[in-house]
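This is what each chain is made of:
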Amino acid sequence: MPEPVAIGIDVGGTKLVAATLAADGRVLERLRRDTPARDADRLVADLGGLIAELGPGLPVGIGIAGLVTPEGVVRYGPNISVRDLDLAGALRAEGATHAVVVNDASAAALGEQRAGAARGHADVVLLTLGTGIGGGVVVGGTLLVGAMGFAGELGHVVVEDAGRRCPCGNQGCIEAYASGTAIGRRAQERLARESTDSRLRAVEELTGRAVTTAARDGDRLAREVLVEAGRWLGVAMVSLTNALDPEVILLGGGAAAETATWMVPAARETLEHRIIGGGWRRPPDIELTALGDDAGMVGAGLLAADHAT
Ligand SMILES: [Zn+2]
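Values in this document were obtained by computation on a predicted structure and should not be read as measured data. (Residues numbered from 1 in each chain as written. Predicted model: local features only at pLDDT ≥ 70, side-chain atom pairs only at ≥ 80, totals over all residues. Heavy atoms only, no water.)

A.B. asks: Help me understand the overall build of the protein, please; the structure alone is not making it clear to me.
C.D. replies: When its secondary structure is counted, the protein shows nine helices and 13 strands. The C-alpha radius of gyration of the protein comes to 20 Å, within 12% of the 19 Å expected for a compact globule of 309 residues. With the principal axes as the frame, the protein shows a C-alpha extent of 65 × 50 × 40 Å. In the protein, which comprises 309 residues, the proportion classed as buried is 52%. Excluding contacts between residues fewer than 6 apart, the proportion of contacts in the protein whose partners are at least 24 apart in sequence is 60%. Computed over 29 positive and 39 negative side-chain charges, the separation of the two mean positions in the protein equals 5 Å. (Helix = DSSP H or I, 4+ residues; strand = E, 2+ residues; numbered from the N terminus. Rg over C-alpha atoms; globule rule 2.2 N^0.38 Å. Buried < 20%, exposed > 50% of the residue type's maximum accessible area, 1.4 Å probe, protein only. Contact = heavy atoms within 4.5 Å. Lys, Arg positive; Asp, Glu negative; His and termini not counted. Charge placed at Lys NZ, Arg CZ, Asp CG, Glu CD.)

Below you can see the structure in the form of C-alpha cells.
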C-alpha cells in the first residue's frame, strides 16, 4: 500500500467521512461517524478522534458546506449549527500539525482536478447540481478561494436582472433556474398555466427528481423543462467561461448524471453560440464528475498535503 500523505475529511450534515490519501488522491483507509451537527465542541472532539485513529502527524484537510475564511474559520454552515468556529485552530489544538478547512464544493473541484474527471487540466470549473447549485474553481492548478474565502459560489451567478427569487435573498441567480428545486417549481408553473398532457399532473410532490423520472419515461413537458434549465445553465457557463476560460466545466452533484441527457446538449449549444471569440476558440468541454461523494474529501486532503510541503 502506498504511503499516506494526508487525511481528508468531509463534514456532511449527517455523516463525517475521513480517509487517508495517497499522493495521487487514492483513498487508502476510510472511517465514518455520525455528525454531531448541533454541538461544535463534540464535532471538534470527534474530528480529533478520527485524526488520532487514522494517522496523527499527517496534514489534515476538511471540506464543509458553508462560508469558510482562508484561515479556516467557518463563518456559517447550513448543515451544522456552528457560527464563527475556528475549526483549523481547534484541530491544531487537538494535535493536527497542519490543518486546512475549505468549502466542500471548492474542495470537490480540486479533488476532481487532481484525481478525477479533470485530471490533467489546469483550469477547471465545477458546478454541483442538487436542491441548490454549488461550485468551485481551479485556476492554473490552484484552487481559487478569493480574498474572503467566498470564491466559487457559482450558484449565485446572476443570469437575469429582476429574475426569479433565489433562496440566498437575491433575484435571478442561476440556482433559481437550474437547481432541482427550480426545475420542480418550473414544472409546477407550466402545469398550472398550460393544458398540456403530462404524467406530472399525477405527481403529488413536484421535485426535480420527479421531473427527471418523467423525462426518462418520455414525458414531453418534463423534457422541455429540463432543456430550458440546461439553456439557463449554458447562460451561466457563458459568463464563467468569459471570466475564467476553463478547459473543462464539470457537472456533479446528485442531479447531474440523471439530467445530463437533456440539460447538457442545451447548455453546450448556448455556450458555443454565446462565448466571446467563438469563431477562434474551442469552447470548454462539459463533462460529468468521476469521484462522486469522495471528491470533497480527496480535494481537502490533497490541499492540506500541498500546504504542509
Ligand atoms: Zn442566489
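A.B. asks: Whenever I open this one, the environment of Glu-272 confuses me. Can you help?
C.D. replies: Secondary-structure assignment places Glu-272 in helix H8 (residues 256-274). As a C-alpha pair, Glu-272 and Arg-282 span 10 residues in sequence and 8.4 Å in three-dimensional space.

A.B. asks: Mind showing me how you'd approach helix H1 (residues 40-54) here?
C.D. replies: Side chains of residues three or four places apart in an α-helix project in the same direction, reflecting 3.6 residues per turn. Along its 15 residues, H1 runs 21 Å from first to last C-alpha, staying within 8% of the 21 Å computed at 1.5 Å per residue. Along H1, the residues that are buried comprise Leu-43, Val-44, Leu-47, Gly-48, Leu-50, Ile-51 and Leu-54. Around the axis of H1, the buried residues are gathered within 160 degrees of arc, so they sit on the same side. Those residues of H1 hidden inside the fold are in contact with strand S1 (6-11), strand S2 (15-21), strand S3 (27-34), strand S4 (60-64) and helix H2 (87-93). (Expected span 1.5 Å × (residues − 1). Arc of directions from axis to C-beta.)

A.B. asks: Honestly, the sheet that holds S3 in this entry has me stumped. Any pointers?
C.D. replies: Working definition: the strands of a sheet are paired by backbone hydrogen bonds and lie parallel or antiparallel to each other. Taken in spatial order, the five strands line up as S3-S2-S1-S4-S8 in an open sheet, and their pairing is mixed. This sheet does not close on itself; its edge strands, each paired only once, are S3 and strand S8 (99-103). Across the sheet, the mean angle from the axis of one strand to that of its neighbour is 20 degrees, orientation sign disregarded. Of the pairings in the sheet, the one linking S4 to S8 comprises five bridges and is parallel in character. Among the inter-strand pairings, Gly-61 is bridged to a residue of S8, identified as Val-100. Contacting S1, S2, S3 and S4, H1 crosses the sheet at an angle of about 30 degrees to S2. The strands touched by helix H3 (residues 104-115) are S1, S4 and S8; relative to S8, the strand with the most contacts, the crossing angle is about 105 degrees. (Pairing = 2+ DSSP bridges. Axes fitted to C-alpha atoms, helices over the stretch in contact; angles between N-to-C directions.)

A.B. asks: What is the right way to read the sheet that holds strand S11 (residues 142-143) from this model?
C.D. replies: What the five strands build is an open sheet, ordered S11-S10-S9-S12-S13; its pairing is mixed. Taken across any chain shown, the strands that pair with only one partner, and hence form the sheet edges, are S11 and strand S13 (285-288). With six bridges joining them, strand S9 (residues 124-129) and strand S10 (residues 133-139) adopt antiparallel strand pairing. Across the sheet, the residue bridging to Thr-128 is Gly-134, located in S10. In the packing of H3 onto the sheet, contacts are made with S9, S10, S11 and strand S12 (248-252), and the angle to S10 comes to roughly 50 degrees.

A.B. asks: Looking at this model, I keep getting lost on the pattern of salt bridges. Mind explaining?
C.D. replies: Note that side chains of opposite charge can pair when their charged atoms are close. Inspection of every chain in the model, using the stated rule, returns 19 salt bridges. Note that Asp-306 and Arg-114 form a salt bridge whose closest N and O atoms lie 2.6 Å from each other. One end of the pair, Asp-306, is in helix H9 (residues 295-308); the other, Arg-114, is in helix H3, with 192 residues separating them in the sequence. Given a relative accessible area of 33%, Asp-306 falls into the partly exposed group. Its relative accessible area of 28% is what places Arg-114 among the partly exposed residues. (Salt bridge = Lys/Arg side-chain N within 4 Å of Asp/Glu carboxyl O.)

A.B. asks: Sorry, what's going on with the coordination of the zinc ion here?
C.D. replies: At this site the zinc ion is bound by His-156 (ND1), Cys-166 (SG), Cys-168 (SG) and Cys-173 (SG), with donor distances of 2.0 to 2.4 Å. Seen from the zinc ion, its four donor atoms lie at angles of 105 to 119 degrees, and the figure they make is tetrahedral. Donor residues binding the zinc ion come from one chain and are separated in sequence as H-x9-C-x1-C-x4-C. (Donors = N, O, S within 2.8 Å, 3.2 Å for Na, K, Ca; no water. Tetrahedral: all angles 85-135°; square planar, octahedral: opposite > 155°, others 65-115°.)

A.B. asks: What is the right way to look at the nonpolar core in this model?
C.D. replies: Core analysis: the biggest nonpolar cluster contains 46 residues, and Leu-127, Ile-174, Leu-200, Val-211, Leu-233, Met-237 and Leu-251 have the highest contact counts within it. Filtering out sequence-adjacent residues up to four positions away, Leu-251 remains in contact with Leu-127, Leu-129, Leu-233, Met-237, Ala-256, Val-264, Ile-286, Glu-287, Leu-288 and Thr-289. In this structure, Ile-7, Ile-62, Ala-96 and Ala-99 belong to the second largest nonpolar core, which totals 29 residues. (Core = buried A, V, L, I, M, F, W, Y, C linked by side-chain atoms within 4.5 Å.)

A.B. asks: Is there a simple way to explain the pairing of S4 in this structure?
C.D. replies: Note on strand geometry: in a regular strand, side chains alternate between the two faces of the sheet. Where burial is concerned, most of S4 is hidden: five out of the five residues are buried. Pairing of S1 with S4, which is carried by five bridges, proceeds in the parallel orientation. If you follow Ile-7 over to S4, its bridge partner there is Val-60.

A.B. asks: Is there a simple way to explain the packing of helix H7 (residues 220-244) against H8 in this structure?
C.D. replies: A packed helix pair is summarised by two numbers, namely the angle formed by the two axes and the spacing between the axes. Two elements in contact, H7 and H8, have axes whose closest approach is 7 Å; the angle formed by their N-to-C orientations is 40 degrees. With respect to H8, the element H7 is oriented oblique. Here H7 and H8 pass one another in a crossing that is right-handed. Taking contact as the criterion, the partners of Arg-223, Leu-226, Val-227, Ala-229, Gly-230, Arg-231, Leu-233, Gly-234, Val-235, Met-237, Val-238 and Thr-241 in H7 are, on H8, Thr-259, Trp-262, Met-263, Ala-266, Ala-267, Thr-270, Leu-271 and Arg-274. When the residues that make up the contact of H7 with H8 are grouped by side-chain class, the tally is 12 nonpolar, five polar and three charged. (Parallel < 35°, antiparallel > 145°, perpendicular 65-115°, else oblique. Left-handed = near helix turned anticlockwise from the far one by under 90°. Nonpolar A, V, L, I, M, F, W, Y, C, P; charged D, E, K, R; others polar.)

None of this, on its own, says anything about what the molecule does.
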